[in-house]
Amino acid sequence: DSGVTQTPKHLITATGQRVTLRCSPRSGDLSVYWYQQSLDQGLQFLIQYYNGEERAKGNILERFSAQQFPDLHSELNLSSLELGDSALYFCASSDGLAGGDTQYFGPGTRLTVL
Amino acid sequence: AQKVTQAQTEISVVEKEDVTLDCVYETRDTTYYLFWYKQPPSGELVFLIRRNSFDEQNEISGRYSWNFQKSTSSFNFTITASQVVDSAVYFCALIPGNTGKLIFGQGTTLQVKP
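Computed from a predicted structure; not experimentally measured.

Thresholds, definitions, all that
Residues numbered from 1 in each chain as written. Chains lettered and ligands numbered in written order. Predicted model: local features only at pLDDT ≥ 70, side-chain atom pairs only at ≥ 80, totals over all residues. Heavy atoms only, no water. Pairing = 2+ DSSP bridges. Helix = DSSP H or I, 4+ residues; strand = E, 2+ residues; numbered from the N terminus. Axes fitted to C-alpha atoms, helices over the stretch in contact; angles between N-to-C directions. Buried < 20%, exposed > 50% of the residue type's maximum accessible area, 1.4 Å probe, protein only. Phe/Tyr/Trp six-rings, centres within 6.5 Å; stacked < 30°, edge-to-face > 60°. Contact = heavy atoms within 4.5 Å. Buried area = accessible area lost by both parts, 1.4 Å probe. Salt bridge = Lys/Arg side-chain N within 4 Å of Asp/Glu carboxyl O. Nonpolar A, V, L, I, M, F, W, Y, C, P; charged D, E, K, R; others polar.

Asker: Please provide a residue-by-residue account of the sheet that holds strand 7 (residues 64–68) of chain A, values included.
Answerer: All names here are of chain A. With antiparallel pairing, four strands are arranged side by side in an open sheet as 1-3-8-7. Unpaired on one side and paired on the other, strand 1 (5–7) and strand 7 mark the two borders of the sheet. Neighbour-to-neighbour, the strand axes of the sheet open up by a mean angle of 15°, direction not taken into account.

Below, the structure written as structure tokens:
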């Protein structure tokens, strides 16, 4: 158990809908990262937050957005969902701003868009 | 280009055999960090090891060992006396500079047969 929690574990929804994925980092960690794992793209970095502020952005679609709250939990919002958004979404956390810190991953949220 | 290549898509061995998973990385940064993660059938990503670019010492942890060679840009992972529980997908990953963005290889699926 990494100490990172993600809810829900599974999510099934329809095209065009909007969903919110939630992540709680390990105790004491200030950085939260979001990754997408799909069969065709593999594991891809989406976005990072550090202590409430956006720190780095990857290949995140405009339909996707995220935020980190004062209690350090983070939410990833996915809107206007398409079939291709079906994937495993991981949250990870690390203890500081240093870019090379080890990232500990949560169990993931499996999103299925029908 | 910043990239991680795991040329072996799938490896199948019989229990107690030794197996080496290859990883080749590309980055122009002089400071970078290398990682291995394990993804068992249950789906979570489990951290195994972190190395920074200034530390070329090889590391051994139980049946696991890692060989980091900057001259060949490789960071290979060897499992000695493999066990069925080692069956998983193994990912090599790179953080170039201090970006915090993990760049993953495509993964190597290891199947250990009894």
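Additional details are given in the paragraphs that follow.
Asker: Run through the pairing of strand 7 of chain A, naming residues and quoting values.
Answerer: Residue and element names in this part refer to chain A. Burial along strand 7 is one-sided: the residues Phe64, Ala66 and Gln68 are buried and none of Ser65 and Gln67 is. Bridging between strand 7 and strand 8 (residues 74–78) involves five bridges; their strand directions are antiparallel. Within the sheet, the bridge partner assigned to Gln67 lies in strand 8 and is Glu75. Between strand 7 and strand 8, which pair antiparallel in sequence order, lie five residues; one of them, Leu72, sits at a positive phi of approximately 80°.

Asker: Tell me about the packing of aromatic side chains, and name the residues and values.
Answerer: Evaluation of the coordinates by the stated rule reveals 20 aromatic pairs over all chains. A centroid spacing of 5.8 Å and a plane angle of 90° characterise the contact between A:Tyr35 and B:Phe104, whose relative ring orientation is edge-to-face. With A:Tyr35 in strand 4 (residues 31–38) and B:Phe104 in strand 11 (residues 103–104), this pair bridges two chains. The interplanar angle of 50° and the centroid separation of 5.1 Å between the aromatic rings of B:Tyr25 and B:Tyr32 together place this pair among those described as tilted. Across this residue pair, the class does not change: B:Tyr25 and B:Tyr32 are buried. Joined through ring pairs, the aromatic side chains of A:Tyr35, A:Phe45, A:Phe90, A:Tyr104, A:Phe105, B:Phe35, B:Tyr37, B:Phe47, B:Phe91 and B:Phe104 make up one cluster.

Asker: Account for the environment of A:Glu53, naming residues and giving values.
Answerer: Residue and element names in this part refer to chain A. Mapped onto the elements, Glu53 comes out in strand 6 (residues 53–57). Considered as a pair, Glu53 and Ser31 are 22 residues apart in the sequence and their alpha carbons are 9.3 Å apart. When sequence neighbours within four positions are dropped, the list of residues in contact with Glu53 reads Gln48 and Gln68.

Asker: Please provide a residue-by-residue account of the interface of chain A and chain B, values included.
Answerer: Taken residue by residue, the interface counts 20 residues in chain A and 18 residues in chain B. Per-residue buried area on chain A facing chain B is highest for A:Leu43, A:Gly100 and A:Phe105; these three make up 32% of the total on that side. Our count for the chain A to chain B interface comes out at zero salt bridges. Those elements that provide at least two residues to the side of chain A that touches chain B are strand 4, strand 5 (42–50), strand 6, strand 9 (87–94) and strand 10 (104–105) of chain A. In terms of residues, the side of chain A that touches chain B owes the most to one element, strand 5 of chain A, which gives four residues. Here the residues of the side of chain A that touches chain B are counted per class, giving 10 nonpolar, eight polar and two charged.

Everything listed is a geometric property; what it means functionally is a separate question.
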